[in-house]
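These are the residues of each chain, in order.
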Amino acid sequence: MLRVVLLGCGGTRPLPGRALAALWVQNAGHGLLIDCGEGTQVAAVRFGASLYKLDTLLLTHYHGDHLFGVPGLLQTMGALGRTGPLTVAGPPGLDGVLDAILTLCGPLPFALRRHTFAEGRGTLALPGGGQVQAVPAVHRVPCCSYVYTLPRAGRFDPDRARAAGIPLQYWKDLQLGREAGGFAPGDVLGAPRRGLRVVYATDTGPSDALRDAAAGADLLCMDATYADDADAPKARLYGHATCAEAGALAAEAGARRLWLVHYSAAVTDPAPGLAAARARFAGAEAGSDGLELTLTFDPDPLQGKDAP
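Since this is a predicted model, take the numbers as computed values, not measurements. (Residues numbered from 1 in each chain as written. Predicted model: local features only at pLDDT ≥ 70, side-chain atom pairs only at ≥ 80, totals over all residues. Heavy atoms only, no water.)

Engineer: Quick rundown of the pattern of salt bridges? Include the residues and the values.
Structural biologist: Inspection of the entire model under this criterion finds 14 salt bridges. Put simply, E119 and R121 hold a salt bridge, and the shortest N to O gap is 3.9 Å. Residues R236 and E245 are paired through a salt bridge, measuring 2.7 Å at the closest nitrogen-oxygen approach. Under the relative-accessibility criterion, R236 is labelled partly exposed at 42%. (Salt bridge = Lys/Arg side-chain N within 4 Å of Asp/Glu carboxyl O. Buried < 20%, exposed > 50% of the residue type's maximum accessible area, 1.4 Å probe, protein only.)

Engineer: Please set out the packing of helix α2 (residues 70–79) against helix α3 (residues 94–105) residue by residue, giving values where relevant.
Structural biologist: Between α2 and α3, the least distance of the axes is 9 Å, while the angle of their chain directions is 55 degrees. By the angle between their axes, α2 is oblique relative to α3. The interaxial crossing formed by α2 with α3 has right-handed handedness. Across from V70, P71, L74 and Q75 in α2, the residues of α3 making contact are I101, L104 and C105. For the contact of α2 with α3, the per-class residue count stands at six nonpolar, one polar and no charged. (Axes fitted to C-alpha atoms, helices over the stretch in contact; angles between N-to-C directions. Helix = DSSP H or I, 4+ residues; strand = E, 2+ residues; numbered from the N terminus. Parallel < 35°, antiparallel > 145°, perpendicular 65-115°, else oblique. Left-handed = near helix turned anticlockwise from the far one by under 90°. Contact = heavy atoms within 4.5 Å. Nonpolar A, V, L, I, M, F, W, Y, C, P; charged D, E, K, R; others polar.)

Engineer: Got a sec to walk through empty space enclosed by the protein? Specific residues and values, please.
Structural biologist: One way to see where empty space is left: roll a probe the size of a water molecule over the atoms. A complete count under the given rule lists two cavities of 30 Å³ or more for this structure. Of the pockets and cavities examined, the largest cavity occupies roughly 60 Å³. Lining the largest cavity are V25, Q26, N27, H30, G31, L32, D55, T56, L126, P127 and Y148. Only β2 (22–27), β3 (30–34) and β4 (54–58) provide two or more residues apiece to the lining of the largest cavity. By residue class, the composition of the lining of the largest cavity is five nonpolar, five polar and one charged. Computed from the structure, the second largest cavity encloses a volume of approximately 30 Å³. Lining the second largest cavity are L6, G8, C9, G10, A21, Y200, T202, V261 and H262. Classifying every residue of the lining of the second largest cavity gives five nonpolar, four polar and no charged. (1 Å grid on protein atoms, 1.4 Å probe; cavity = no way out; pocket = protein on both sides within 12 Å on 5 of 7 lines; lining within 4 Å. Points joined across faces, edges and corners; volume = space filled by probe spheres on them.)

Nothing here speaks to function; it is geometry throughout.
So, in structure tokens, the structure goes:
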């Protein structure tokens, strides 16, 4: 199960009720934060995203509206006595940005583990069994879109376990994909089942790479900087997308849901842009601070409910 909370849906500058870019994804006791614009800490408290669970911070790129919240976040963690390491990942340029941020927030009582996605590509394993894939975005500077995947093991077959003589005490570990007692999960599990996928793609125009990455996504959070299609040339110039383009890409990718994010400060009413997106993809929803979704695995078709 994943809990997804949009902590900030704005771009460029914050507005009353609209913090800057940030998305929270929680898998059990493990938290992932994608971007950390101004207002992220306040939004996290307001919408119940416990940053005490934060394991990994992903930065899409190094424009201020996506990272000006980082110095305060790190300083707060240090003041609250955090000692466990925090992984911070992003496109090339990460080391210089973090060095500057550490100058602002001072020494920390915990380690920062840095991970750079070379050329905006690569994968990163996360605590709790999730994985992030970085995909190059179409922007003015190096920028990553991120695909978060929570895999699901194949269905456990107790008949195979009994036939193999596997003691009951090892079954749970094998169901969870862990070796136990000299036995491997493949001895008792069927083919992997459909997992969960969340795609975060802001400060980007549409692209074939993004469409492929978002194929079948449970949730696509996509740049919708411009509400009016007349602004499409401006979107191309600055490396953004219109609401209609976000809707079209979601439809082409076969995504299940679309959240429009990263609204320009000039967009004071999201309704026209939402209508444009829904004309192409009925599952579009206007992003707003605090918008929340709980994602669960599909029911097992063999039993009509989730299998172990």
